[in-house]
Amino acid sequence: MFFRMGVKSKAAVAIVVLLLLLGSLWLQGGLDYQWESCLKGYDQQNKHHHLHNSSGPTAPGGTHVLKECLGQNFQVSMLLSHLLASPAYSSDVLMQPYLSSWDELVKFMGALGPVVGLISKEIQTKTNVIRELALLSEKSPEAEMVPDEHLRGRNSQDAIQSGLDPLNHNRAYHSVHSMIQSELNRGVVDFHRPTDSGCRTLLRLHRALLWLRLFLEKLAEMSESGRLRSPAELCRESYQNTLSKHHTWLVRRAAELAFIAMPERGFFFRLVCVGNQQELNVVLTKVVRAIDEVYNRTQKALEENGMLDLP
């Protein structure tokens, strides 16, 4: 009977089922441990998964700031601006613009409907965890990081040349590297059980970023045959190749139901203020390239410190 229903009817059923299921998981202690429990036997190749820019030369328009989309909450121009501001020094990522990038991505997901909006709320909870840890560290002198050789000297000069505040660049939660080093020094990262450390929280955001990156890349693809796959199909495929590896069977089934309610392609044209697929390709190629740089730097930092499978 379900397969005989129309698309709108399926979407309505999916929304009801997902709201009930996700609400139940939330009442059981939050989606964090249900959705993102790290299975010890997950695909080991994911540990060495670095993204490579597959879009070739710079897209038309280079990295110029995109126009503002009037009358809507999500702004692709702001997302790109924050992403481009995140890389710092030779291999680091600044936490403030990184989290601001997530603020825009949360708005992006929230625009896709109530079910995906629930996921965005959980992601917003994680960004708030890191922000709260940063505020606590500023109030606690013992939480301030004493930089090791990797962060000393050269990065201080880089901070000045980059226009950053040289007095703040060594704060514990100033960047990915400083946060990792600070939490390791203070012994707040637990490699055997779940905690609310910044490193564990960053790993969960990092995994979600890969999912969104692959979805945006697929959404930007041009079709030689003229037939473009539906966003629902693209999002489901991206999920299956990324986040599904860290979810239970029940959550995987629920997530796939959620994608049935994904808006059609025309909605995404309006969301990023473009008129056709070619223009969408130009805009999203810029975003994907910027995500690649942030993702690869974060991946390397987590991998170097053995944090790709924090429970």
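Below you will find a few notes about this structure. (Residues numbered from 1 in each chain as written. Predicted model: local features only at pLDDT ≥ 70, side-chain atom pairs only at ≥ 80, totals over all residues. Heavy atoms only, no water.)

Right, let's talk about the overall build of the chain for a bit. Helices and strands together make up the secondary structure of the chain, namely 12 helices and two strands. Looking at the 311 residues of the chain, the share that counts as buried comes to 50%. Considering only intrachain contacts with a sequence separation of at least 6, the fraction spanning at least 24 residues in the chain is 74%. (Helix = DSSP H or I, 4+ residues; strand = E, 2+ residues; numbered from the N terminus. Buried < 20%, exposed > 50% of the residue type's maximum accessible area, 1.4 Å probe, protein only. Contact = heavy atoms within 4.5 Å.)

Looking now at helix H4 (residues 95-110). What sets the pattern is the α-helix's 3.6 residues per turn: residues three or four places apart point alike. The end-to-end C-alpha separation of H4 is 22 Å, in line with the 22 Å expected for 16 residues at 1.5 Å each. Burial of H4 is extensive: 12 of the 16 residues sit out of reach of the surface. The set of residues buried in H4 consists of Met95, Pro97, Tyr98, Leu99, Ser100, Ser101, Trp102, Glu104, Leu105, Val106, Phe108 and Met109. (Expected span 1.5 Å × (residues − 1).)

Throughout the structure, instances matching the rule amount to one disulfide. Disulfide pairing places cysteine 69 opposite cysteine 273 at an S-S distance of 2.1 Å. Pair noted here: cysteine 69 is in the loop between helix H2 (31-36) and helix H3 (76-85) and cysteine 273 is in the loop between helix H11 (265-271) and helix H12 (277-304), with a separation of 204 residues, a long-range link. (Disulfide = S-S within 2.5 Å.)

Another point: the packing of aromatic side chains. For the structure shown, the criterion picks out six aromatic pairs. Each ring, one from tryptophan 211 and one from phenylalanine 259, has its centre 6.5 Å from the other, and the planes form 40°; the classification is tilted. One end of the pair, tryptophan 211, is in helix H8 (residues 198-220); the other, phenylalanine 259, is in the loop between helix H10 (249-258) and H11, with 48 residues separating them in the sequence. In terms of burial, tryptophan 211 and phenylalanine 259 fall into one category: buried. Grouping aromatic residues by their ring pairs yields a cluster made of Phe74, Phe108, Phe215, Phe267 and Phe268. (Phe/Tyr/Trp six-rings, centres within 6.5 Å; stacked < 30°, edge-to-face > 60°.)

Another point: the nonpolar core. In terms of nonpolar packing, the biggest core is built from 69 residues, with Tyr98, Trp102, Phe108, Met109 and Trp211 touching the most fellow members. If you tally residues by element for this core, the top one is H8, at 14 residues. Apart from the residues within four sequence positions on either side, tyrosine 98 is in contact with Ser86, Val93, Leu202, Leu205, His206, Leu209 and Val294. (Core = buried A, V, L, I, M, F, W, Y, C linked by side-chain atoms within 4.5 Å.)

Once that is clear, we can look at unusual backbone geometry. In the Ramachandran plot, tyrosine 89 falls in the positive-phi region, its phi being about 60° despite a non-glycine side chain. Relative to the elements of secondary structure, tyrosine 89 occurs in the loop between strand S1 (87-88) and strand S2 (92-93). Not every positive phi belongs to a glycine, and cysteine 273 is a case in point at roughly 60°. Among the residues examined, cysteine 273 registers a relative accessible area of 24% and is labelled partly exposed.

Before going further, it helps to spend a moment on the pattern of salt bridges. Applying the stated criterion across every chain yields a total of 10 salt bridges. A salt bridge links glutamate 293 to arginine 297, with the shortest nitrogen-to-oxygen separation between them at 2.7 Å. Of this pair, glutamate 293 and arginine 297 both sit in helix H12, four residues apart, which is roughly one turn of the helix. The structure contains a network of salt bridges with shared partners spanning Lys218, Arg229, Glu233 and Glu237. (Salt bridge = Lys/Arg side-chain N within 4 Å of Asp/Glu carboxyl O.)

Here we take up the environment of glutamine 277. Looking at where glutamine 277 falls in the secondary structure, it is placed in helix H12. For the pair glutamine 277 and leucine 228, spaced 49 residues apart in the sequence, the C-alpha separation amounts to 9.1 Å. In this view, glutamine 277 contacts Leu219, Ala220, Glu221, Met222, Leu228, Arg265 and Phe269; residues no more than four positions away in its chain are not counted. Within the structure, the side chain of glutamine 277 is placed 2.8 Å from the side chain of arginine 265, a separation counted as a polar contact. (Polar contact = N/O pair within 3.5 Å; in protein donor to acceptor, adjacent residues only side chain to side chain.)

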